[in-house]
Amino acid sequence: MALALRPNCEYCDTDLPPDDERARICSYECTFCADCVERHLRNVCPNCGGGFAPRPIRPHAEWRPGLSVAKRPPSSQRVHLSFSADEIRAFSERISAIAPAQR
Ligand SMILES: [Zn+2]
Ligand SMILES: [Zn+2]
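Criteria and thresholds
Residues numbered from 1 in each chain as written. Chains lettered and ligands numbered in written order. Predicted model: local features only at pLDDT ≥ 70, side-chain atom pairs only at ≥ 80, totals over all residues. Heavy atoms only, no water. Donors = N, O, S within 2.8 Å, 3.2 Å for Na, K, Ca; no water. Buried < 20%, exposed > 50% of the residue type's maximum accessible area, 1.4 Å probe, protein only. Pairing = 2+ DSSP bridges. Helix = DSSP H or I, 4+ residues; strand = E, 2+ residues; numbered from the N terminus. Phe/Tyr/Trp six-rings, centres within 6.5 Å; stacked < 30°, edge-to-face > 60°.

### As for the coordination of the zinc ion (ligand 2)
Then, number 1: Protein coordination at the zinc ion (ligand 2) comes from C26 (SG), C30 (SG), C45 (SG) and C48 (SG), with a distance range of 2.3 to 2.8 Å.
Then, number 2: Of the residues examined, C48 reaches a relative accessible area of 33% and is grouped as partly exposed.

### Quick notes on the sheet that holds strand β2 (residues 31–33)
Then, number 1: Strand order in this open sheet of three strands is β2-β1-β3, and the pairing throughout is antiparallel. Strands at the two margins of the open sheet, each flanked by one partner only, are β2 and β3 (53–54).
Then, number 2: Pairing between strand β1 (residues 23–25) and β2: three bridges, direction antiparallel. What sits directly across from A23, in β2, is C33.

### What about the packing of aromatic side chains?
Then, number 1: According to the stated counting rule, one finds one aromatic pair in the structure shown.
Then, number 2: On the basis of an interplanar angle of 75° and a centroid distance of 5.4 Å, the ring pair of F32 and F52 is categorised as edge-to-face. Here F32, found in strand β2, pairs with F52, found in the loop between α1 (34–39) and β3; they are 20 residues apart in sequence, far enough to count as distant.
Then, number 3: Residue class for F32 comes out buried when judged on its relative accessible area of 0%.
Then, number 4: Look at F52 and you get buried, because its relative accessible area is 13%.

Below is the structure:
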């Protein structure tokens, strides 16, 4: 299973194309921009409570047969949060006090 490479930040809706180094993902591939992860989420995924890592760049060039961003294109389905900003703030505050490996 490859990453879907979702097209936007779930918090601020900024575009995050597959080669955007600002993209952050949790283990379920909930996707946010680095700015929102830092400023609004305290490195806590509001959907699952896990932490984030930089999303790897899928290569433009087909270095190996069938494996490139053209051959395995990114998802075009935009995803949006279903929680309010206040709810997310409280959730992030609570969970960020716990180390990711202990959550
Ligand atoms: Zn964002
Ligand atoms: Zn998540």
